[in-house]
Amino acid sequence: ILNHRDFGETDLLVTLFTKSFGKVPVVARRAKMPNSKFSSGVQLLNKVKVSIGRGRNLDHLNECEIIDSFQIIKSNLTLLSKGLFSSELVVNFIQDRTPNIQIFNALEQNLNNLETQKNIDQSMIWFQLQLINVSGVFPEFMVCINCNENLKRKDHVFYSEIGGINCDNCINVNADLYHGVTILEDSLGFLRHIQRVIRSSKPYFFDKYLDDNTLNDLNKFLRIYLTYTAERQMKSIKFLDLVN
Ligand SMILES: [Zn+2]
């Protein structure tokens, strides 16, 4: 359950993220009524098994059985905020009714890691990087965006607008850029490692240890880059959903 909102007096419009059909909006009829059979099932972040009835305009929920309600996440504000942030990203980055098994598995894995409190920060970062990759906006960290020369092993300023870094020789090429963020040498080393992994498209198990400094730095970069791309992405998703 990615999110839900009021739909008339008694119903909820629920966004499901399904393995087979991708992101699907469904109406949970009378879900706001006391003793509704859906009230506990459609809680945010729940992993559920559902049966859906086809409607003329909107499909509706027939059955909703909880498989995992992630009680530990929901009892801890920090974990909850991370869980909700993850599902919000899927809402914003993934278009409706398009199966996306990679992100489905990535979200499930991330929620499981939050629930078992296993490498939470690493898990959140890996989830966000996978989402960026699947959305087709994974940046370039190895070479200069302008001249294609290998970047030196040092701190660099990353610009969201160009999805990469200008080397020292090209630093004045894009003087009008302002979504810049400094990425530290160690963080860039890690991001290059991920870029190689993604390009090789081999199965990859994220188990890399990252120190606090690198984690903070990566989080700062992701915050800025995701905010920037989400704004552009949301417009294109809305357009895609509109025409499909
Ligand atoms: Zn250059």
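The residue count restarts for each chain, going from 1 along the sequence in the order it is written. In keeping with the predicted nature of the model, local features appear solely for residues at pLDDT of at least 70, side-chain atom pairs appear and are counted solely at 80 or more, and the whole-chain, interface and lining totals rest on all residues. Calculated side-chain values reflect all of the structure's heavy atoms, with hydrogen atoms and water omitted.

Undergrad: Is there a simple way to explain helix α3 (residues 101–115) in this structure?
TA: Helical geometry note: an α-helix holds 3.6 residues per turn, so side chains three or four residues apart project in the same direction. Every helix listed is a DSSP run of H or I at least four residues long, and every strand listed is a run of E at least two residues long, numbered separately from the N terminus. Expected span, for any helix, means 1.5 Å times one less than how many residues it has. Between its first and last C-alpha, α3 extends 21 Å over 15 residues, near the 21 Å set by a 1.5 Å rise per residue. Relative accessible area decides the class of each residue, using a 1.4 Å probe on protein chains only: under 20% of the type maximum gives buried, over 50% gives exposed, and in between gives partly exposed. Those residues of α3 not exposed but buried are I103, F104, A106, L107, E108, N110, L111, N113, L114 and E115. Between two residues, a contact is recorded if the distance between any of their heavy atoms is within 4.5 Å. Of the surrounding elements, those touching the buried residues of α3 are β2 (11–18), β4 (47–53), α1 (71–74), α2 (77–93) and α4 (120–134). Immediately downstream of α3, the backbone of Q117 shows phi near 50°, a positive value.

Undergrad: Even after reading the chapter, I still don't get the domain arrangement of the chain, so can you show me in this structure?
TA: Where interface size is given, it is often the accessible area lost as the parts come together that is meant. For each domain, the first and last residues come from an automatic or database assignment. Split into domains, the chain comes out as domain 1 (1–69) and domain 2 (71–244). Computed from C-alpha atoms alone, the centre-to-centre distance between domain 1 and domain 2 is 29 Å. Taken residue by residue, the interface counts 19 residues in domain 1 and 24 residues in domain 2. Buried surface area refers to the total accessible area, computed with a probe of radius 1.4 Å, that the two partners give up upon joining, counted for both partners together. Carbon and sulfur atoms supply 60% of the area buried between domain 1 and domain 2, which totals about 1800 Å² over both sides. Together, F17, K23 and L45 form the three largest contributors to the area buried by domain 1 at its contact with domain 2, with a combined 41%. By salt bridge we mean one thing: a side-chain nitrogen of Lys or Arg within 4 Å of a carboxyl oxygen of Asp or Glu. Run the count over domain 1 and domain 2 and you get 2 salt bridges. We call two N or O atoms a polar contact when they sit within 3.5 Å, provided that within protein one can donate a hydrogen and the other can accept it, with sequence-adjacent residues counted only if both atoms are side-chain atoms. The tally of links from domain 1 across to domain 2 stands at 10 residue pairs in polar contact (both at pLDDT 80 or more).

Undergrad: So what exactly am I meant to see when it comes to the coordination of the zinc ion here?
TA: The expected angle between donors at a tetrahedral four-coordinate metal is 109.5 degrees. At an octahedral six-coordinate metal it is 90 or 180 degrees. Note that water is not among the atoms used; donors are N, O and S atoms within 2.8 Å of the metal (3.2 Å for Na, K and Ca), so sites may look incomplete. Listed as protein donors to the zinc ion are C144 (SG), C147 (SG), C167 (SG) and C170 (SG); their distances from the metal cover 2.3 Å. Taken together, the 4 donor atoms surrounding the zinc ion define angles of 106 to 113° at the centre, an arrangement classified as tetrahedral. Under this scheme a four-donor centre is tetrahedral when all angles range from 85 to 135 degrees, a four-donor centre is square planar and a six-donor centre octahedral when opposite donors are above 155 degrees with the rest from 65 to 115, and any other centre is irregular.

Undergrad: Would you mind going over unusual backbone geometry with me for this structure?
TA: For residues that are not glycine, phi is negative in most cases, and the peptide bond is trans in most cases. Although it is not a glycine, N35 adopts a positive phi angle of roughly 65°. In this fold, N35 is placed in the loop between β3 (22–28) and β4. The phi dihedral of L45 is positive, around 75°, even though this residue is not glycine. Relative to the assigned elements, L45 resides in the loop between β3 and β4.

Undergrad: Could you clarify how one ought to interpret the packing of α4 against helix α5 (residues 185–200) in this entry?
TA: Between two packed helices, the angle of one axis relative to the other and the distance separating the axes together describe the packing. To obtain an axis, a line is fitted to C-alpha atoms, over the contacting stretch when the element is a helix, and the angle between two such axes runs from 0 to 180 degrees between their N-to-C directions. At a minimum axis separation of 12 Å, α4 and α5 run at an interaxial angle of 50°. In this view, α4 runs oblique relative to α5, as classed from their interaxial angle. Considering only the axes of α4 and α5, their crossing is right-handed. The residues of α5 that touch α4, namely those facing I125, W126, L129 and N133, are F190, L191, I194 and I198. Amino acids are sorted into nonpolar (Ala, Val, Leu, Ile, Met, Phe, Trp, Tyr, Cys and Pro), charged (Asp, Glu, Lys and Arg) and polar (every other residue, Gly among them). Broken down by class, the residue content of the contact of α4 with α5 amounts to 7 nonpolar, 1 polar and no charged. By the definition adopted for this analysis, an angle is roughly parallel if under 35 degrees, roughly antiparallel if over 145, roughly perpendicular if from 65 to 115, and oblique otherwise. A clockwise turn of the near helix away from the far one marks a right-handed crossing, whereas an anticlockwise turn of less than a right angle marks a left-handed crossing.

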